[in-house]
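# Results of the structural survey
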Amino acid sequence: MTLTASLYQRLSPSFTLDVALEAPPGFSIVFGASGSGKTTLLRCVAGLATADRGRVAIADDVLFDSEARLSVATPHRRVGYVFQQLALFPHLSVGGNLAYGLSHIGRDERRARARAIAESFRIAHLLERRPGAISGGERQRVALARALVT
């Protein structure tokens, strides 16, 4: 499913994000200079920020349309987002962090999916540990797995 976005966001008196993109299925990379609006773009797609105007859609599913006054709530967008600071919950185990976004499914299925993604990221041995007790690289894999498990 292709992601399309056309966003306009005034970020400061000296910088306005004005971007149009089309990202086909698969992996896409957003790169640019520090302060160029990469994080703002991704936050708008995920629903963590709202552009002044524009539109975001995945295939035929419109997630944001300023003209139609439509903005799908972040949890309903089914868009994974890994924060720059990783934002793992320190009071939850790795397994708890992985299962966090799966509250809409039963406990056994939630645990099975968390274990399956942990195995695919080679972090299953960490499921009972807390983020503060694992390495930085392991925390990055946990954050990425959490974004993808849903």
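Bear in mind that the values here come from a model prediction, so they are computed numbers and not experimental data.

### Remarks on the overall build of the protein
Secondary structure summary: the protein contains 4 helices and 5 strands in total. Starting at the N terminus and walking to the C terminus, you meet the elements of the protein as β-β-α-β-β-β-α-α-α. Here the C-alpha coordinates of the protein stretch approximately 45 × 30 × 25 Å along the principal axes. Per-residue burial over the protein gives 33% buried out of 150 residues. Just so you have it, the protein exposes about 9500 Å², and 53% of that area is on carbon and sulfur atoms. Counting 19 positive and 12 negative side-chain charges, the protein places the averaged centre of each group 9 Å from the other.

### Looking at the nonpolar core
Val94, Leu98, Ile117, Ala118, Ile123, Val142 and Ala145 are the most contacted members of the largest nonpolar core, which totals 20 residues. Put simply, the parts of the chain that give this core at least two residues each are helix H2 (94–99), helix H3 (107–120) and helix H4 (136–149). Looking at this core, the element that brings in the most residues is H4, giving 4 residues. In this structure Ile117 touches Leu98, Ala145, Leu148 and Val149, once residues within four positions along its chain are discounted.

### Let's talk about the pattern of salt bridges
Considering all chains together, one arrives at 2 salt bridges under this definition. Between Arg55 and Asp65 there is a salt bridge, and its shortest N-O distance comes to 3.5 Å. Remark: Asp65 occurs in strand E4 (residues 61–65) and Arg55 occurs in strand E3 (residues 53–58); sequence separation between them is 10 residues. Owing to a relative accessible area of 16%, Asp65 belongs among the buried residues under this scheme. With a shortest N-O distance of 3.7 Å, Glu119 and Arg115 are connected by a salt bridge. Of the two residues, Glu119 and Arg115 are both situated in helix H3; the distance of 4 residues between them amounts to about one turn of the helix. Among the residues examined, Glu119 registers a relative accessible area of 47% and is labelled partly exposed.

Rules behind the numbers
Residues numbered from 1 in each chain as written. Predicted model: local features only at pLDDT ≥ 70, side-chain atom pairs only at ≥ 80, totals over all residues. Heavy atoms only, no water. Helix = DSSP H or I, 4+ residues; strand = E, 2+ residues; numbered from the N terminus. Buried < 20%, exposed > 50% of the residue type's maximum accessible area, 1.4 Å probe, protein only. Areas by Shrake-Rupley, 256 points an atom, 1.4 Å probe, with all protein chains shown as cover. Lys, Arg positive; Asp, Glu negative; His and termini not counted. Charge placed at Lys NZ, Arg CZ, Asp CG, Glu CD. Core = buried A, V, L, I, M, F, W, Y, C linked by side-chain atoms within 4.5 Å. Contact = heavy atoms within 4.5 Å. Salt bridge = Lys/Arg side-chain N within 4 Å of Asp/Glu carboxyl O.

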